[in-house]
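# Examining the three-dimensional arrangement
Each chain, written out:
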Amino acid sequence: MLKCRTVWKKLAPLARSSSTVCRQNVRRAGLNSGRIPTCVPAAHMSTGPAGGGRENQLYVLLVAATCVGGGVYAYLTVKGDSQRYQDRIDEIASRSTKQATEQSAALIQLEPPAVEATETEAVPEPEPQAAPSPEEPSPPAPDAEVLAPVETTELPPAADEPVVEASPEEAAEPPAAVVVEEEPPAPSEPSPAELTEPAPAPVADSEPAAESPAAEPTEPQLEVVAESGDSSPASLKLPSHTPYLLIGGGTASFAAARSIRARDPGAKVLIVTDESVPPYMRPPLSKELWFSDDPSVTETLRFKQWNGKERSIYFQPPSFYINAEELDGAENGGVAILSGRKVVHMDVRGNKIQLDDDTEISYDKCLIATGGAPRNLQVIERAGEEVMKKTTLFRKVEDFKSLDKVSRNVKSITIIGGGFLGSELACALGRRSTECDLEVIQMFPEKGNMGKVLPEYLSNWTTEKVKREGVKVIPEALVKSVVCKDDKLEIQLKDGRLVKTDHIVAAVGLEPNVDLAKSAGLEVDSDFGGFRVNAELQARSNIWVAGDAACFYDIRLGRRRVEHHDHAVVSGRLAGENMTGANKPYWHQSMFWSDLGPDVGYEAIGIVDSSLPTVGVFAKATAKDTPRAATEKSGTGIRSESETEDTATSAVASSTSAPAMVQQKDEYGKGVVFYLRDKVVVGIILWNVFNRMPIARKIIKDGEEHADLNEVAKLFNIHDD
């Protein structure tokens, strides 16, 4: 067809000149006929010597010859092109067959005899690779020959398919795990270099690591890379960006991750924690674990609840989480834990954090759930290293394991602090004192146990209960100094008393972890501590805070900071919802509970401060009014898990007549204690009364004055047997 176009370009000027001559002749003939007189006959125009008849005949002949010649030439040209096209197709077909034969011969020569069976199965695969390149000359053939033998070495294991899928992708993507093994080369074409250089043995070694879902096999690899001094491979293994970043591995962080995944099933969540274990429940560390009969409880961390059912302190098994290195390539998302790492710097403007090993990770949305660190007495901190070695600050799993070991090897333990944690540990260790001849001492500056929370009469009753557990209680004790003499600790009190012991447990409160506030430029509350957040738990537009480290505004009780399990669960769950666009305010009144063994416990909500006016209504307890019975009824040892958000409108007051306020005799079997501020109930303690928290929550939410709290106590049915 190209030749026809060329011929036509040559003949076109001749045809145009012929048509021009014709038009000129016609015009000239017309003019001549106009000049001839009318007497001249018309036939003279065609017969005269000056006429144009011969030129017209030549024009017609020329045009006809041109058309015939052009048609013949076009026919011959098209026929020739068709023949050449058919020859080309036949040549291409024969070339693919020839290449397949050459490749199969090359495979037989390259592979050892032991792999011949797999090679014969993989021989047909190079054919689709050579088929799409018929138009290319000779270069595709060697490429196909190189790719084919490597694919045959990767095909026998079942896990090679992800490796083959990862090779054609862009080299910058983390899933290309072959780059970690091929440290020397950095080719511009990833697929040929990655497939040709590694030998079959390294590929076989890397496959089990890719197949194993647990995080344990990958963590040692990270440590080895860090020790070798190659920082680039380590940074390639960790995700450089994550949509959801959760700082802290406690209850609030896990609740947020679960909430995010519930609202966004494909979300990729990364939890960064300085602990070496996955998220777990802290309440059993000072409660049920100490009453376990299993000698290996420190290893299994499984315990029996008061109802006899066994469970683990971990929220989910390790198989629930994915490796942090696999988070980027997870098609359906997931929750990954980066354990043993601490966030040391936070760039709010750049939306990124820096870890303690200088690794940087960027994020879209971030949750700060760093919790807090146990406080210590200044006199102990100034006492020196010997005293600090014999002091436990109880907070984490490692602290439980350490104190359990200490309690079996020493003769005396002194607990400083009379709050929830101190009293729970005192009762737990007191039970053990009868088994292993252990002296347990508890000292605190208040007049009785939990003196800052309970009314004085109830605090005194609790102190007697702790003493019956085998604990020596020293109230109104202010520590002046602590020294170590003859491998013993001597605690000097300000009133002159001296207490000798082998080990100290400091349970004097919690300090919220706000180390990131300075680098992030976040506001810290000067009164309560913690990060100040709005009603939606936001510290910035894409930064949320939950758990012990959040100082939030309560629409009923003002600004607060709560350090309890239920608050961590609810605030973490709400923060996770808001991170996915829920924009919900935090109005929940969180509760907390404390058990002094399986027979005495209480639940509380709101502001419970012994400095406030209180009104208590009590009744005689029955066998059903114990923590053991409560867990048997609810089916769970973590009582906040059994809570509902009922409005308690269906609660029916007991018709039984109530006794007088606060019984005169020291028998407080079960009851309700109301805490008042400006004649309005702002806090409630349910003493050995369980599964009534929705009613207490509604009373605080209403914020009304009550003329007779004795009638309000009937809502809890404390007088029913």
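What counts, and at which threshold
Residues numbered from 1 in each chain as written. Predicted model: local features only at pLDDT ≥ 70, side-chain atom pairs only at ≥ 80, totals over all residues. Heavy atoms only, no water. Helix = DSSP H or I, 4+ residues; strand = E, 2+ residues; numbered from the N terminus. Buried < 20%, exposed > 50% of the residue type's maximum accessible area, 1.4 Å probe, protein only. Contact = heavy atoms within 4.5 Å. Expected span 1.5 Å × (residues − 1). Phe/Tyr/Trp six-rings, centres within 6.5 Å; stacked < 30°, edge-to-face > 60°. Lys NZ or Arg CZ within 6 Å of the ring centre and 35° of its normal. Pairing = 2+ DSSP bridges. Axes fitted to C-alpha atoms, helices over the stretch in contact; angles between N-to-C directions. Core = buried A, V, L, I, M, F, W, Y, C linked by side-chain atoms within 4.5 Å. pLDDT = per-residue confidence, 0-100. Patch = residues over 30% accessible without salt bridge, like charges linked within 9 Å, V, L, I, M, F, W, Y side chains within 5 Å. Areas by Shrake-Rupley, 256 points an atom, 1.4 Å probe, with all protein chains shown as cover. Salt bridge = Lys/Arg side-chain N within 4 Å of Asp/Glu carboxyl O.

## With respect to the overall build of the protein chain
- When its secondary structure is counted, the protein chain shows 25 helices and 28 strands.
- Among the 721 residues that make up the protein chain, the fraction classed as buried is 44%.
- If you take every contact in the protein chain between residues at least 6 apart in sequence, the share linking residues at least 24 apart comes to 68%.

## Let's talk about helix α22 (residues 565-579)
- Across its 15 residues, α22 extends 21 Å between first and last C-alpha, which sits within 8% of the 21 Å expected from 1.5 Å per residue.
- Most of α22 is tucked away: 14 of the 15 residues are buried.
- Remark: Gly-581 follows α22 within two positions and exhibits a positive phi of approximately 100 degrees.

## Some remarks on the packing of aromatic side chains
- According to the stated counting rule, one finds 13 aromatic pairs in the structure shown.
- Taken together, a centroid distance of 5.7 Å and an interplanar angle of 80 degrees make the contact between Trp-461 and Trp-687 edge-to-face. Separated by 226 residues along the polypeptide, Trp-461 in helix α20 (residues 456-468) and Trp-687 in strand β28 (residues 680-687) bring together distant segments of the chain. A single burial state applies to Trp-461 and to Trp-687, both of which are buried.
- Taken together through their ring pairs, the aromatic side chains of Phe-420, Trp-461, Phe-592, Tyr-602 and Trp-687 make up a single cluster.
- Taking the ring centre of Trp-587 as reference, the NZ or CZ of Lys-701 above it sits at 4.9 Å.

## What to know about the sheet that holds strand β15 (residues 488-493)
- In space, the 3 strands of this open sheet follow the order β14-β15-β16, with antiparallel pairing throughout. Edge positions in the sheet fall to β14 (479-485) and β16 (498-501), since each of these pairs with one other strand and no more. Averaged over all neighbouring strand pairs, the angle between strand axes comes to 20 degrees, with direction disregarded.
- The pairing of β15 with β16 spans 4 bridges and is antiparallel. When the sheet's bridge partners are listed, Gln-492 is paired in β16 with Leu-498.

## Some details on the nonpolar core
- Judged by nonpolar contacts, the single largest core of 72 residues is most densely connected at Phe-674, Ile-684, Ile-685, Trp-687 and Phe-716.
- Excluding residues that lie within four positions of it along the chain, Phe-674 makes contacts with Pro-613, Thr-614, Val-615, Val-681, Gly-683, Ile-684, Leu-709, Val-712, Ala-713 and Phe-716.
- In terms of nonpolar packing, the next biggest core, distinct from the first, is built from 57 residues, Phe-254, Phe-531, Val-545 and Val-562 among them.

## Considering the pairing of strand β27 (residues 670-677)
- With 7 of 8 residues buried, β27 lies mostly within the body of the structure.
- Bridge count between strand β26 (residues 614-619) and β27: 6 bridges; the pairing is antiparallel. Bridging across to β27, Val-615 finds its partner in Phe-674.
- By the bridge criterion, 7 bridges tie β27 to β28 in an arrangement that is antiparallel. Across the sheet, Leu-676 pairs through a bridge with Val-681, a residue of β28.

## Here's the deal with the confidence of the model for the protein chain
- In the predicted model, the protein chain carries a mean pLDDT of 76, and 66% of its residues have values of at least 70.
- For residues 34-51, every residue scores under 50 in pLDDT, and the model assigns this stretch 4 contacts once sequence neighbours within four places are set aside.
- Scored below 50 in pLDDT, residues 641-665 makes 54 contacts in the model with residues more than four places away or belonging to other chains.

## Re the sheet that holds strand β17 (residues 503-506)
- Strand order in the open sheet formed by 5 strands is β10-β17-β11-β12-β13, with parallel pairing between adjacent strands. The open sheet is flanked by β10 (391-393) and β13 (471-474), the only strands paired with a single partner. Across the sheet, the axes of successive neighbouring strands diverge by a mean angle of 20 degrees, strand direction being ignored.
- Looking at chain direction, strand β11 (residues 412-416) and strand β12 (residues 439-443) are connected through 5 bridges and run parallel. Residue pairing in the sheet places Ile-415 in a bridge with Gln-442 of β12.
- Taken strand by strand, helix α19 (residues 420-436) contacts β11, β12, β13 and β17, and its axis lies near 160 degrees from that of β12.
- Relative to the sheet, α20 contacts β12 and β13, its axis offset from that of β13 by approximately 145 degrees.

## Here we look at a nonpolar patch on the surface
- On the surface, Val-68, Val-72, Tyr-75 and Leu-76 cluster together into a nonpolar patch covering about 420 Å² of accessible area.
- Locating Tyr-75 in the fold gives a position in helix α3 (residues 53-110).
- Note on Tyr-75: relative accessible area 52%, which makes it exposed.

## Brief notes about the environment of Glu-288
- Relative to the helices and strands, Glu-288 is located in the loop between α14 (283-286) and α15 (297-300).
- We classify Glu-288 as buried; its relative accessible area is 2%.
- Glu-288 sits 310 residues away from Pro-598 along the chain, and the two C-alpha atoms are 8.7 Å apart.

## A few points about the environment of Val-479
- Positionally, Val-479 belongs in strand β14.
- Not counting chain neighbours up to four residues away, the residues in contact with Val-479 comprise Leu-377, Val-379, Ile-416, Met-443, Ile-491, Gln-492, Leu-493 and Lys-494.

## Digging into the pairing of strand β5 (residues 334-338)
- Counted residue by residue, β5 has 5 buried out of 5 residues, so it is predominantly covered.
- The side-chain alternation of β5 yields two buried faces, one formed by Gly-334, Ala-336 and Leu-338 and the other by Val-335 and Ile-337.
- Pairing geometry for strand β2 (residues 268-272) and β5, over 5 bridges, is parallel. Directly across from Lys-268, in β5, lies its bridge partner Gly-334.

## Considering the pattern of salt bridges
- What the rule picks out here adds up to 26 salt bridges.
- Across the pair Lys-467 and Glu-464 runs a salt bridge, and its minimum N-O distance is 3.8 Å. On the criterion of helical spacing, the pair formed by Lys-467 and Glu-464 is a turn pair, its members being 3 residues apart in helix α20.
- It is possible to trace a salt-bridge network through shared partners that takes in Asp-404, Arg-408 and Arg-432.

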